[in-house]
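Understanding the architecture of this molecule
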Amino acid sequence: MPISRKDFLLNSLKFGFGGLGISFGSGLLYSYFANVNYKKDFPYLPENKVNLKQNGKSVLILGAGLAGLQAGCELVDRGFKVTILEKTSYAGGKLKAWKDVQFAKRIFKDKPYTREHGLHGVWGFYKNLREFLGRHNISLNKLNDEDSFYYFVSKDGIQNKIETPTWAVPFDRFQMKNRGLYIPSVENINEPTSGQLKTFLASLKLWGFDYSSQKERSYLDKITFYDWAKKQGISEQYIKHYFDGLSEMGFFMKTNECSALAIANFIKLGSLPTDSRVDYYKWPPDETFITPMVNYIRSKGGVIEFNSEVSELEIKNTRITSVKVNSLFPKKKFKKCRVCGNIMDASHNDDCPFCGAHSSELEILTLDDSKIKSYTADHIITAMDLPGAKKIISTTIPFKEEYFEKILKLSTAVIFCVNLLYENSDAWEKRFPSKEFWNAHDFFPTGFKVLGFTSNWASKQIPLLKENKADLIEVQVSDWKQFSGMSNKEIAKKVHEELKLVIPELPEFTEFYINKWDNYTGHRPGDEGNRPEIQSPIENLYFIGDWVYIPHHAVFMEKTNVTAKMITNLILDKEKLPDGKITILKSGTPDWQIDLLSKFTSVES
């Protein structure tokens, strides 16, 4: 019997939508059952755990931060003779911690307070770092399901909270679908702002961003996120109440200074709710993470030399033949900070003027105390922060190469970590009750002059503080230039005044300290185009860390870990050693819906 055109169209639609439903359902089932390793807290790759015999090759690592220590762990496992040089007295780089014998002595009676570089999160999309942590039995302080890292507080009183997902991938996104942000209009905070659809469409472009496309990377690298957002029709209110908070937390600058690429990288990697959740290192990280890595390297025959600042490189033809340390110190008595490694006049009697470490961390040295040594190795890995790498390049590389010139153009970010101790205080608990929806252990302030990302160490990290009814609140201030000419006490008071706008019942703070860091990786327009690849023009010199370029989509400490694994594989290839290659995971959970989205969106349009 002949079928009419109308029936044909109806049947086609039925079959079409049925096919879409089957495809969608199949895709969900695939996401649920596939990629199981990516859904573990610590992905397990048995092939990465090796213990190979000595191969007779040596590696010298410049810097005992996360990149240097993790590369050291991988290389000693694969039979290399590893030596690490660190200019300060403490390992860990931007995750270092040290004992502050002067702070909160009433509370920390039995053991000195451990002062950290600052609060650091471990995102769900850190798949390679988490694989490393699991392999070395490093556990995390996992947040409870009712806790959330993403709590936004605006100066006009608007609160937003993105809950922590509890459903399995891929159903976590459905759990979050009705839990969006409330963004008020400029005219009336009780009415939502316009432009929600444009913001949603722009967010789809960020979720679908294709990092592998050099064209898209270049486009986003040439523009601030603020300018990109305005081109997409995102309202000022969305930028102010959400994106500015994210930008200050992750990159220590607002969206009008931060590149669009930096924020696109971060949002893309955390596009799945499960991947965007955050855990913390167990406190104190020097004892739970850093020292175990140092001990591991030493147990395998590796050497770590502290207070060894690289000062000279001897280069012959296209190879480094020796590395000298401590040869450029002043010819007279001087003071050196154990925490940041900077030197100052011997007459300086206050806290470190560079990093803010307590004066007890400054030691008087003479040239006789600073031993000048030379080291040789088959391979030299620079695992320093950007200022350290720039100093080496500008003082020890005798010839001009575009590779090195570009590194010198890279920017850094500066941050003040202001820590205020409030004793006999339950002000935070009253403001953010732990048993209610609006509980918080940190918050993203938006619209404030001073406040940046703010956290309470007593809430989740340091139980002893809570037991003693004390709040230790850390505020990461990225707009540090406003403090020009102020004393530390004046800066602390300014931060306290704005904190009271959010937490009115705070008493006066009893103690404070301020860490000053100028060594964070910059993410301004143009920085991506200047990032070096791991291999330098010098045959046996390499650069690793979160500021280099790698053909792998990763950010922050995940990128640091990936570069440590990549340099290990590169050296294995160069030495033609067939065993021990490291499997590197995708950063973030592979997801068919997000991958499909990238086929239909572009950040350029």
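From a predicted model like this one, the values you see are computed outputs, not experimental measurements.

Quick look at helix α17 (residues 488-502)
Taking 1.5 Å per residue as the helical rise, α17 with its 15 residues ought to reach 21 Å, and the 22 Å between its terminal C-alpha atoms agrees with that figure. Along α17, the positions that sit buried rather than exposed are Ile491, Ala492, Val495, His496, Glu498, Leu499 and Val502.

Some thoughts on the sheet that holds strand β10 (residues 303-305)
Taken in spatial order, the five strands make up an open sheet running β10-β2-β1-β17-β23, and their pairing is parallel. The open sheet has two edge strands, β10 and β23 (541-543), and neither has a second partner. On average, each strand axis in the sheet is tilted by 20° relative to the strand beside it, whichever way the strands run. Both strand β1 (residues 58-62) and strand β17 (residues 379-382) contribute to a ladder of four bridges, which runs parallel. The residue of β17 that forms the bridge with Leu60 is Ile380. Sitting on the sheet, helix α2 (residues 66-77) is in contact with β1, β2 (81-85), β10 and β17, with an inclination near 170° to β2.

Here we look at α2
Look at α2: 17 Å from first C-alpha to last across 12 residues, which is about the 16 Å you get at 1.5 Å a residue. Of all 12 residues in α2, 12 are buried; the element is thus mostly enclosed. Where α2 is concerned, the buried positions are Leu66, Ala67, Gly68, Leu69, Gln70, Ala71, Gly72, Cys73, Glu74, Leu75, Val76 and Asp77. Looking at the residues trailing α2, positive phi occurs at Gly79, about 90°.

Concerning the nonpolar core
Counting 143 residues, the largest nonpolar core has Leu69, Trp123, Trp228, Phe289 and Leu465 as its most contacted members. Excluding residues within four positions of it along the chain, Trp228 makes contact with Ala202, Lys205, Leu206, Tyr219, Leu220, Ile223, Ile234, Ala260 and Val603. Within the second largest apolar cluster, 28 residues are counted, among which are Val153, Leu420, Phe443 and Leu506.

A word on the packing of aromatic side chains
All chains considered together, the criterion is met by 44 aromatic pairs. Measuring from centroid to centroid gives 5.1 Å for Phe108 and Tyr113, while their planes differ by 55°, and the two rings are tilted. With 5.2 Å between their ring centres and 90° between their planes, Phe149 and Tyr150 make a pair best called edge-to-face. The same class applies to Phe149 as to Tyr150, namely buried. If you follow Lys94 out to its NZ or CZ, it ends over the ring of Tyr520, 5.8 Å from the centre. The ring of Tyr211 carries Arg217 above its face, with NZ or CZ at 5.1 Å from the centroid.

Observations concerning the pairing of strand β18 (residues 412-423)
In terms of burial, β18 is a largely internal element, 11 of the 12 residues being buried. Taken together, the nine bridges between β18 and strand β22 (residues 511-521) define a ladder with antiparallel strand orientation. Within β22, the position partnered with Cys417 by the bridge is Asn515. The pairing of β18 with strand β21 (residues 470-477) spans eight bridges and is antiparallel. Within the sheet, the bridge partner assigned to Leu421 lies in β21 and is Leu472.

Topic: the pattern of salt bridges
Between side chains of opposite charge, pairing is possible as soon as their charged atoms come close. Following the criterion strictly, the structure yields 31 salt bridges and no others. A salt bridge links Asp100 to Arg115; the nearest nitrogen and oxygen atoms lie 2.8 Å apart. On the criterion of sequence distance, the pair formed by Asp100 in strand β3 (residues 97-100) and Arg115 in strand β4 (residues 113-116) is long-range, its members being 15 residues apart. Exposure remark for Arg115: the relative accessible area of 2% places this residue in the buried category. Residues Arg338 and Glu361 are paired through a salt bridge, measuring 4.0 Å at the closest nitrogen-oxygen approach. Separated by 23 residues along the polypeptide, Arg338 in the loop between β13 (334-337) and β14 (343-345) and Glu361 in the loop between β14 and β15 (362-365) bring together distant segments of the chain. On the basis of relative accessible area, Glu361 is assigned to the buried category, the value being 6%.

Some remarks on the layout of surface pockets
A volume near 1300 Å³ is recorded for the second largest pocket. Taken together, 45 residues line the second largest pocket, and the ones lying closest to its centre are Met176, Phe200, Ser203, Trp207 and Ser271. Of all elements in the fold, only α4 (172-176), α5 (196-207), α8 (236-251), α9 (260-269), α10 (273-276) and α20 (592-597) reach the threshold of two or more residues within the lining of the second largest pocket. For the lining of the second largest pocket, the leading source of residues is α5, giving seven residues. Considered class by class, the residues forming the lining of the second largest pocket number 28 nonpolar, 11 polar and six charged.

A short note on the packing of helix α3 (residues 127-135) against helix α19 (residues 556-574)
Running from amino to carboxyl end, α3 crosses α19 at an angle of 70°, the nearest separation of the two axes being 7 Å. It follows from the interaxial angle that α3 and α19 lie roughly perpendicular. As α3 packs across α19, the resulting crossing turns out to be left-handed. Each of Lys127, Asn128, Leu129, Glu131, Phe132 and Arg135 in α3 lies in contact with α19, whose residues at this interface are Met557, Glu558, Asn561, Val562 and Lys565.

Things to note about the pairing of β21
The buried fraction of β21 amounts to eight of the eight residues, a majority that puts the element mostly inside the structure. Residues of β21 alternate between two faces, with Ala470, Leu472, Glu474 and Gln476 on one and Asp471, Ile473, Val475 and Val477 on the opposite face, all of them buried. Two strands pair when backbone bridges link them, and strand β20 (residues 454-456) and β21 are joined in this way by three bridges, in the antiparallel orientation. Across the sheet, residue Ser455 finds its bridge partner in β21, namely Glu474.

Rules used throughout
- Residues numbered from 1 in each chain as written.
- Predicted model: local features only at pLDDT ≥ 70, side-chain atom pairs only at ≥ 80, totals over all residues.
- Heavy atoms only, no water.
- Helix = DSSP H or I, 4+ residues; strand = E, 2+ residues; numbered from the N terminus.
- Expected span 1.5 Å × (residues − 1).
- Buried < 20%, exposed > 50% of the residue type's maximum accessible area, 1.4 Å probe, protein only.
- Pairing = 2+ DSSP bridges.
- Axes fitted to C-alpha atoms, helices over the stretch in contact; angles between N-to-C directions.
- Contact = heavy atoms within 4.5 Å.
- Core = buried A, V, L, I, M, F, W, Y, C linked by side-chain atoms within 4.5 Å.
- Phe/Tyr/Trp six-rings, centres within 6.5 Å; stacked < 30°, edge-to-face > 60°.
- Lys NZ or Arg CZ within 6 Å of the ring centre and 35° of its normal.
- Salt bridge = Lys/Arg side-chain N within 4 Å of Asp/Glu carboxyl O.
- 1 Å grid on protein atoms, 1.4 Å probe; cavity = no way out; pocket = protein on both sides within 12 Å on 5 of 7 lines; lining within 4 Å.
- Points joined across faces, edges and corners; volume = space filled by probe spheres on them.
- Nonpolar A, V, L, I, M, F, W, Y, C, P; charged D, E, K, R; others polar.
- Parallel < 35°, antiparallel > 145°, perpendicular 65-115°, else oblique.
- Left-handed = near helix turned anticlockwise from the far one by under 90°.

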